[in-house]
Amino acid sequence: MSIYSDTDEADSVVFDIGSHTARIGIAGDDAPEISMNYWESPDFKTTYFENGYKLWENAQYDTNVLENVIESCYDQLSKKLNGKFDAVPALFTEHLYDCPTKRDSIFELMFEKFGIPSTYIAPSQILSLYSSGRGSGIVIESGNSVTETLVIYEGYVIHDSIKRQDYGGATFSLNLKNGFKNKNTATQDNPEFILSLKNQCSLDPRVPSTEIQLPDGNVVAIDSSRVNESSKFMFESSKKDSIDELIYQGIMASDIHCRRDLFYNIILSGGNTLASGFTEKLSDSFEKLLKLRHANTRFKVVSSPERLYSPWIGGSILTSLSMMKYYWIEKAAYDECGARGLHDRLINP
């Protein structure tokens, strides 16, 4: 039952579907009811690994795959919905500058295939800020395929702060896999083990090595230099597309009177930021960048333990607000305007 509702009926469902995992649950719950890992699912595992640790390319959403993910999520949630998912509104998260055809597919699937009464699609960075309880901050969302930054100051989106790079956890995984070539065949050919490495081997520059057990049973010490080599595309300040550079560009694109607050509210979101030592590595890299450009500038990186679910939690909060009744897009609007005609009714930073 929703903590915002006086009934046992679900008010709405929140979907946070990425290329690595899908999360779904009832609005008002503390966390998503379902977190589906594609590499563990017999329906999606083969496609996930064939595509290089992701279910799809960001610019090439497959409507059939998206439909299968949504259907699988509904099947797993059917008991809590009493089998009546077609009577419950659904909110979806999306990346900034996401493929427009994905929006079209969501509208078409939800209204024509699943027959729900209303739906909405919201940017995950804005939802992550909701989940943090802040009104201002720069959100760095680094997921499996995309890393993006967005500044929101006192509720207003700073459009010039939007920065996006098409890299994330999948790139990190592939680099780790390639790092084991000609070193340990059993490891290099075990994609599940490569995924687990990111949670075992620390990016923290203060941790020299980590002992891990290989799939063949041997225990070895993995030097941190190998892990850092695999992740350097995210943290090299000399590169204009590194995460610390994206943060800096985003803050500097904002008005000067906003910047001090933004330096103290650098908010992490997304599964890639859960890699062991990610926060420490980013803080170290950003500190080095600031020493070269803004000596003595202080900052704070906020890394909530729930940041894997931040967009979902923010969506849960949003759909539970009374004002949401003015934002839901109903089937009648879809029938009148078509999928593409509904885009102007969404938040478009």
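Calculation notes
- Residues numbered from 1 in each chain as written.
- Predicted model: local features only at pLDDT ≥ 70, side-chain atom pairs only at ≥ 80, totals over all residues.
- Heavy atoms only, no water.
- Helix = DSSP H or I, 4+ residues; strand = E, 2+ residues; numbered from the N terminus.
- Rg over C-alpha atoms; globule rule 2.2 N^0.38 Å.
- Buried < 20%, exposed > 50% of the residue type's maximum accessible area, 1.4 Å probe, protein only.
- Contact = heavy atoms within 4.5 Å.
- Areas by Shrake-Rupley, 256 points an atom, 1.4 Å probe, with all protein chains shown as cover.
- Polar contact = N/O pair within 3.5 Å; in protein donor to acceptor, adjacent residues only side chain to side chain.
- Pairing = 2+ DSSP bridges.
- Axes fitted to C-alpha atoms, helices over the stretch in contact; angles between N-to-C directions.
- pLDDT = per-residue confidence, 0-100.
- Core = buried A, V, L, I, M, F, W, Y, C linked by side-chain atoms within 4.5 Å.

Draft legend 1. Focus on the overall build of the protein chain. For the protein chain, the helix and strand inventory stands at 13 helices and 13 strands. In summary, the protein chain has a C-alpha radius of gyration of 21 Å against a globular reference of 20 Å for 349 residues, a match within 12%. Considering only C-alpha atoms, the protein chain reaches an extent of 60 × 55 × 35 Å along its principal axes. Considering the protein chain as a whole, with its 349 residues, one finds that 53% of them fall into the buried category. Sequence separation of 24 or more characterises 67% of the internal contacts of the protein chain that already satisfy a separation of 6 or more. Surface accessibility of the protein chain: about 15800 Å² in total, with carbon and sulfur atoms responsible for 45%.

Draft legend 2. Region of interest: the side chain of arginine 23. Examined against the element boundaries, arginine 23 turns out to sit in strand β2 (residues 21-26). Side-chain polar atoms of arginine 23 contact the side chain of threonine 21, separated by 2.3 Å. If near-sequence neighbours (up to four positions away) are discounted, arginine 23 is found in contact with Val14, Phe15, Asp16, Pro32, Ile34, Ser35, Leu308, Tyr309 and Trp312.

Draft legend 3. Structural context of the pairing of strand β7 (residues 147-153). Of all the 7 residues making up β7, 7 are buried; the element is thus mostly covered by neighbouring parts of the structure. By the alternation rule, side chains of β7 split into Thr147, Thr149, Val151 and Tyr153 and Glu148, Leu150 and Ile152, which are all buried. With 6 bridges joining them, strand β6 (residues 137-142) and β7 adopt antiparallel strand pairing. Within the sheet, the bridge partner assigned to glutamate 141 lies in β7 and is glutamate 148. The hairpin turn running from β6 into β7, its antiparallel successor, is 4 residues long. Of the strand pairs in this sheet, β7 and strand β8 (residues 156-165) are connected by 6 bridges, and their pairing is antiparallel. Of the residues in β8, the one forming a bridge with threonine 149 is lysine 163. Linking two consecutive strands that pair antiparallel, namely β7 and β8, is a turn of 2 residues; a positive phi of about 50° is found at glutamate 154 within it.

Draft legend 4. Seen up close, the sheet that holds strand β13 (residues 329-330). In spatial order, the strands read β3-β2-β1-β4-β5-β13; together these 6 strands make up an open sheet with mixed pairing. Unpaired on one side and paired on the other, β3 (34-37) and β13 mark the two borders of the sheet. For strand β4 (residues 90-94) and strand β5 (residues 118-123), the ladder comprises 5 bridges, and the chain directions are parallel. Looking across to β5, one finds that threonine 93 is bridged to alanine 122. Packed on one face of the sheet, helix α4 (residues 124-132) meets β4 and β5 and runs near 85° to β5. Those strands touched by helix α12 (residues 310-319) are β1 (13-17), β2, β4 and β5, and its axis lies near 155° from that of β1.

Draft legend 5. Structural context of the confidence of the model for the protein chain. When pLDDT is averaged across the protein chain, the result is 86; 92% of the residues are at 70 or more. No element of the protein chain has a lower mean pLDDT than helix α6 (residues 185-188), which averages 56, and none a higher one than strand β11 (residues 266-269), which averages 97.

Draft legend 6. Structural view of the nonpolar core. Counting residues in each nonpolar core, the largest one holds 89 residues, and the members touching the most others are Phe15, Ile17, Val69, Ile70 and Met110. It is helix α2 (residues 63-77) that provides the largest number of residues to this core, a total of 7 residues. Excluding its chain neighbours within four sequence positions, the residues that come into contact with isoleucine 17 are Ala22, Tyr38, Trp56, Leu66, Val69, Ile70, Phe92, Thr93 and Lys102.

Draft legend 7. Highlighting unusual backbone geometry. We note that tyrosine 53 has phi near 65°; this positive angle belongs to a residue other than glycine. Its place among the elements puts tyrosine 53 in the loop between α1 (45-50) and α2. Judged by relative accessible area, which is 2%, tyrosine 53 ranks as buried.

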